[in-house]
Amino acid sequence: MEQRTILHLDMDAFFASVEQRDSPELRGLPVIIAHPTELRGVVSTCSYEARRFGVHSAMPTSQAKRLCPNGVFIAPDHRKYSAVSKQMMAILARYTPLIEKLSVDEAFLDVTGCERLFGDGVTMARRIKEDISRELNLTASVGISYNKFLAKLASDLEKPDGLVPITPSDLETRVHPLPISRLWGVGQKSAEQLTRLGLRTIGDVAQMNVTRMRTYLGSLADHIYLLANGRDERPVQPNREAKSIGQETTFAEDVRDVVFLETTLLGQVEKVARRLRQSGFEARTVTLKLRYAPWQTITRNHTFAHPTDLETPLYTAVKGLLAKCGLSREDAIRLIGVTVGNLVPKGTVEEQTQQLSLFDAPTPTVETDPRQQELSRVVDSLKDKFGDKILTRARLVRREEE
Amino acid sequence: MKIIILKNALVQAIQNVHKAVSSKSTIPVLSGIKMAADESGLRFTATDLEIGIETLVPTLIDDEEIVQVKEAGAIVLSARFFGEIVRKLPGKTVEIEVKQNYLTIIRSGKTEYNLHGLDHEEFPRLPQVAGNQVFSVQSDILKDMIRQTSLAVSSEEIRPVLTGVLFTLKNGNLKFVATDSHRLATRESIVEAPPEMEFTNVIVPGKSLNELGRLLADNDVLVDVVVAENQVLVKMGHTQFYTRLIDGQYPDISRIIPTTFKTGLTVNTKELQGAVERASLVAKESDNNVVRFNIKHDRLEITSASPDAGKMSEPIDEIQVNGDELLIAFNSKFFMDALRVIDSPDLLIEFTGSMSPFLIKLPDNPTYLHLILPVRIY
């Protein structure tokens, strides 16, 4: 395969930068995007000024307030960010149609073969940065390399406003000294395990004995070995849709009441299922996320035999997952959330059959119960016409009034 | 005990009772066949405690001597050895003599066997079926009723009552119902019964009925059926058949059978049978053997498909359709089972929607009905 040219673009402190751009008085100040009133929420993004105080995204808001008492806390305005994101993606589209949008402020571009038009990867990256700076008054960091892993790694090396190429000859000097946690697919747990095995840097992984490590790490060994040696064949997949749809709620007070948790889940499932249907996808898996008061977070998955976009099977599944967590009265829950993943376009899955029975009631959680589908279709059309508040489940009514 | 019997009569008698011999009982005597000789002839009995069969070989049939009883008595012989041996015996007659310690000598031609028998006193007595609940039915009709319904019994023990065929009698009308909850077969017949005789919820094990069906002759001789508290006795000439009944309440099926329909079609049995059979060849067994009917106003299209094998379609134009067009999917095995026991040249099929049971009826025989639940595709 010919060598590709992949760009990874990541906006710098995106939400915070947009706010600072739109409100000049915020410039130079530590701006923290988080619900100011929801002390128990987490930080979405913060400006580089705030990062100097040790604040980072996903940190509890209360902790951010302690670290940076003079910070400017701003509630996120997702509509605005999404509009800016669209403008940014439009700029990228001038250079290549092969754009894989990773999130609102991040994308891969495969610019292989565009050199004649726009110059080499570095030139193109510079032009894109200039466009974004001139038209949006924002800065981005871009990594240029020959695969996705290295491009993404590069964009992060000199943030903000970075422009870092990684060529095959840079691998040893620039990549190998980096810690293993920079490897794609290596989380905190795997990192600990690798460290115990004596692997600290990407260079260590690149030289490890794969056969031996396979016995400890399984398939992860091959995966990281290839990455560490600069091999990553994953293509840039344009028009990629959301990988998951989720909803989570952080409670103002820790919750010990399972029924209340279930009701919360039901509300979340309703929203998730509606978004799922709007996107035209069906989900194969549903994940329950629970955060206990001591900030311990667990997730539990359920995989459906047949993908679904309906409330009933989703709710039955997450309720079952919650029951499996075996919450006792001592367990206080701080956050609960539902995410659906493994999305597949609706109607693309091979059909399934079910023999009907005279005496046994049909299983209530069939992933594609035609009557449920019809119900959801009617509910959706009502909500489309009159707004989301027009119809809800009786069980959720009191909560919304409160 | 000492007797001489015609070999053919002996072979036939063993064959009659053989089906009741227990194949996996822990009680040794149940793996045997009991023979008891007295002045009336030689009586053969076998039972697995679920069913019991008793057949008498009389001393004389039409003045021909069949059995000569020289000394009355009884013995139990292993069905496996006894059956095999008797079939291979060289002579026209067989002499059976029981000596001490149940040692049994079997002589035929120049052959002599010495078999170890078992004490007949240990052999369970067949229940004395008392009761005046007796009705009479032609052997061939009873046989047909069994054939047309027993295929629909459930093979799963989760709901024991569904492993049996429900017998009901009212106003001289005998009705059989069997269902495994995915399909249901019913057959009725007028029988000779006392006018006041009536019963419901008599559940006869399907397996027992299959054995009974084998014993029943294809003629119009009347057989007597005695219905008692927990067993049924069927008397056919010199042979009697007992079966235990299944405890429990049979589900109410009166509201299950639709009385109206939205789509009705009349079609040639053989043509449809062939088409469904051909369609089933590419249907996936693990996926309910799904075959579809696409019913239009003037034609019926039979289709099936499986991702691995491929697909099939076959139209039948020579049909009569009343009512709505319909697309329905069903298990082709159930359909073929139903057609296998139908002798009418034409079929009437009545549908009430793609998620509702459909009925197979016979235009020339209103006493038969077969219901099949469709398969939901999602």
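Cut-off values and rules
Residues numbered from 1 in each chain as written. Chains lettered and ligands numbered in written order. Predicted model: local features only at pLDDT ≥ 70, side-chain atom pairs only at ≥ 80, totals over all residues. Heavy atoms only, no water. Helix = DSSP H or I, 4+ residues; strand = E, 2+ residues; numbered from the N terminus. Buried < 20%, exposed > 50% of the residue type's maximum accessible area, 1.4 Å probe, protein only. Contact = heavy atoms within 4.5 Å. Areas by Shrake-Rupley, 256 points an atom, 1.4 Å probe, with all protein chains shown as cover. Pairing = 2+ DSSP bridges. Expected span 1.5 Å × (residues − 1). UniProt positions renumbered as here; feature names shortened; annotations may be inferred. Buried area = accessible area lost by both parts, 1.4 Å probe. Salt bridge = Lys/Arg side-chain N within 4 Å of Asp/Glu carboxyl O. Polar contact = N/O pair within 3.5 Å; in protein donor to acceptor, adjacent residues only side chain to side chain. Nonpolar A, V, L, I, M, F, W, Y, C, P; charged D, E, K, R; others polar. Axes fitted to C-alpha atoms, helices over the stretch in contact; angles between N-to-C directions. Parallel < 35°, antiparallel > 145°, perpendicular 65-115°, else oblique. Domains from an automatic or database assignment. Patch = residues over 30% accessible without salt bridge, like charges linked within 9 Å, V, L, I, M, F, W, Y side chains within 5 Å. Core = buried A, V, L, I, M, F, W, Y, C linked by side-chain atoms within 4.5 Å.

Caption draft 1: Region of the structure containing the overall build of chain A. A tally of regular secondary structure across chain A gives 16 helices and 13 strands. Oriented by its inertia axes, the alpha-carbon framework of chain A measures out at about 70 × 55 × 45 Å. The buried share of chain A, reckoned over its 402 residues, is 47%. Within chain A, residue pairs in contact and separated by at least 24 positions form 65% of the contacts whose partners lie at least 6 positions apart. Surface accessibility of chain A: about 20600 Å² in total, with carbon and sulfur atoms responsible for 50%.

Caption draft 2: Here's a closer look at the pairing of strand β9 (residues 93-98) of chain B. All names here are of chain B. Within β9, five of the six residues are buried, leaving the element largely enclosed by the surrounding structure. Taken together, the five bridges between strand β1 (residues 2-6) and β9 define a ladder with antiparallel strand orientation. By the bridge assignment, Ile-5 is partnered in β9 with Val-94. Sheet topology note: the β9/strand β10 (residues 103-108) ladder contains four bridges and is antiparallel. Residue pairing across strands places Glu-97 opposite Ile-105, the latter belonging to β10. What sits between β9 and β10 in their antiparallel hairpin is a turn of four residues, with Asn-101 showing a positive phi close to 55°.

Caption draft 3: Seen up close, helix α3 (residues 139-150) of chain B. Counted at 1.5 Å a residue, the expected span for α3(B) with its twelve residues is 16 Å, and the 16 Å between its end C-alpha atoms agrees. Residues of α3(B) that are buried include every one of B:Ser139, B:Leu142, B:Met145, B:Ile146, B:Gln148, B:Thr149 and B:Ser150, and no others.

Caption draft 4: Up close: the UniProt feature "binding site: Mg(2+)" (unreviewed entry) in chain A. Residue and element names in this part refer to chain A. Taking the numbering used here, the UniProt-annotated feature "binding site: Mg(2+)" (unreviewed entry) corresponds to Asp-10 and Asp-105. Spanning 96 residues, the named residues form one tight spatial group whose C-alpha atoms are at most 5.9 Å apart. Inspection of the secondary structure assignment puts Asp-10 in strand β1 (residues 6-11). Filtering out sequence-adjacent residues up to four positions away, Asp-10 remains in contact with Asp-105, Glu-106, Ala-140, Ser-141, Ser-155 and Lys-159. Mapped onto the elements of the fold, Asp-105 is located in the loop between β5 (99-103) and β6 (106-110). On the basis of relative accessible area, Asp-105 is assigned to the buried category, the value being 15%. Setting aside residues no more than four positions away along its own chain, Asp-105 makes contact with Leu-9, Asp-10, Met-11, Phe-14 and Met-88.

Caption draft 5: Spotlight on the UniProt feature "domain: DNA polymerase III beta sliding clamp C-terminal" (unreviewed entry) in chain B. With numbering aligned to this structure, UniProt lists the feature "domain: DNA polymerase III beta sliding clamp C-terminal" (unreviewed entry) at residues 255-376 of chain B. Along residues 255-376 of chain B one finds 17% helix and 47% strand; the C-alpha atoms at either end are 21 Å apart.

Caption draft 6: Quick peek at the interface of chain A and chain B. Counting residues at the interface gives 16 residues for chain A and 23 residues for chain B. Carbon and sulfur atoms supply 57% of the area buried between chain A and chain B, which totals about 1900 Å² over both sides. If you sort the residues of chain A by the area they bury against chain B, A:Gln355, A:Leu358 and A:Phe359 come out on top, with a joint share of 37%. The tally of links from chain A across to chain B stands at zero salt bridges. Linking chain A with chain B are five residue pairs in polar contact (both at pLDDT 80 or more). Of the residues in the side of chain A that touches chain B, the class split is six nonpolar, seven polar and three charged. Bridge count for strand β13 (residues 353-355) of chain A against strand β29 (residues 375-377) of chain B is three bridges, and the pairing is antiparallel.

Caption draft 7: Just the side chain of B:Ser181, in detail. Within the secondary structure, B:Ser181 sits in the loop between β14 (173-179) and β15 (183-190). Here B:Ser181 is in contact with A:Leu356, A:Ser357, A:Leu358, A:Phe359, B:Leu162 and B:Leu373, once residues within four sequence places are set aside.

Caption draft 8: Broad picture of unusual backbone geometry. Of note, the bond from A:Lys159 into A:Pro160 is cis; its omega dihedral lies within 30 degrees of zero at -10°. Tracing the backbone shows A:Pro160 in the loop between α7 (148-155) and β8 (163-165). In this model, B:Asn289 sits at a positive phi of 50°, which is unusual for a non-glycine residue. Among the structural elements, B:Asn289 can be located in the loop between α5 (269-280) and β21 (290-295). Residue class for B:Asn289 comes out buried when judged on its relative accessible area of 13%.

Caption draft 9: Quick peek at the sheet that holds strand β4 (residues 72-74) of chain A. Pairing in this open sheet of three strands is mixed, and the strands run β3-β2-β4 (chain A) from one edge to the other. Among the strands making up the open sheet, the edge pair consists of β3 (45-46) and β4 of chain A.

Caption draft 10: Spotlight on the packing of helix α11 (residues 210-217) of chain A against helix α12 (residues 219-228) of chain A. Residue and element names in this part refer to chain A. Running from N to C, α11 and α12 point in directions that differ by 130°, and their axes come no closer than 6 Å. If you check the angle between α11 and α12, you find them oblique. Contacts between α11 and α12 involve Val-210, Met-213, Arg-214 and Leu-217 from the first element and Ser-219, Leu-220, Ala-221, Asp-222, Ile-224 and Tyr-225 from the second. Grouping the constituent residues of the contact of α11 with α12 by class yields seven nonpolar, one polar and two charged.

Caption draft 11: Spatial organisation of the domain arrangement of chain B. Taken domain by domain, chain B holds domain 1 (2-122), domain 2 (134-244) and domain 3 (263-372). One C-alpha centre belongs to domain 1 of chain B, the other to domain 3 of chain B, and the line joining them spans 49 Å.

Caption draft 12: Expanded view of the sheet that holds strand β11 (residues 111-116) of chain B. Residues and elements named next belong to chain B. Pairing is antiparallel in the open sheet, where five strands are placed in the order β7-β1-β9-β10-β11. Pairing within the sheet leaves two strands with one partner each, and these edge strands are β7 (67-71) and β11. Geometrically, the sheet is characterised by an average inter-axis angle of 15° between neighbouring strands, direction not taken into account. Here helix α1 (residues 7-18) sits on the sheet and contacts β1 and β9; the angle it forms with β1, its principal contact strand, is near 95°.

Caption draft 13: Summary view of the pattern of salt bridges. Taken as a whole and judged by the stated rule, the model has 46 salt bridges over all chains. Notably, a salt bridge pairs A:Lys289 with A:Glu248, separated by 3.2 Å at the nearest N-O pair. In this pair, A:Lys289 sits in strand β10 (residues 281-292) while A:Glu248 sits in strand β9 (residues 244-255), placing the two residues 41 residues apart along the sequence. The partly exposed category is assigned to A:Lys289, whose relative accessible area is 22%. Look at A:Glu248 and you get partly exposed, because its relative accessible area is 45%. For B:Glu95, the salt bridge goes to B:Arg107, with nearest N and O atoms at 2.6 Å.

Caption draft 14: Spotlight on the domain arrangement of chain A. According to the domain assignment, chain A contains domain 1 (14-78), domain 2 (172-228) and domain 3 (244-401). One C-alpha centre belongs to domain 2 of chain A, the other to domain 3 of chain A; they are set 37 Å apart.

Caption draft 15: Structural view of a nonpolar patch on the surface. Residue and element names in this part refer to chain A. A contiguous nonpolar surface patch, about 270 Å² in accessible area, is contributed by Phe-386, Ile-390 and Leu-391. Mapped onto the secondary structure, Ile-390 falls in the loop between α15 (370-386) and α16 (394-401). Residue Ile-390 is classed as partly exposed on the basis of its relative accessible area of 42%.

Caption draft 16: Expanded view of the nonpolar core. Residue and element names in this part refer to chain B. Core analysis: the largest hydrophobic core is formed by 63 residues, its most contacted members being Ile-5, Phe-44, Phe-135 and Leu-142. No other element matches the five residues that α1 contributes to this core. For Leu-142, the contacting residues outside a window of four places in its chain are Val-137, Phe-176, Leu-212, Leu-216, Val-223, Val-225 and Val-234.

Caption draft 17: Highlighting the UniProt feature "active site" (unreviewed entry) in chain A. Residue and element names in this part refer to chain A. Following the UniProt record, the feature "active site" (unreviewed entry) maps to Glu-106 here. Structurally, Glu-106 is set in strand β6. Note on Glu-106: relative accessible area 13%, which makes it buried. Excluding its chain neighbours within four sequence positions, the residues that come into contact with Glu-106 are His-8, Leu-9, Asp-10, Met-88, Met-89, Glu-100, Lys-101 and Lys-152.

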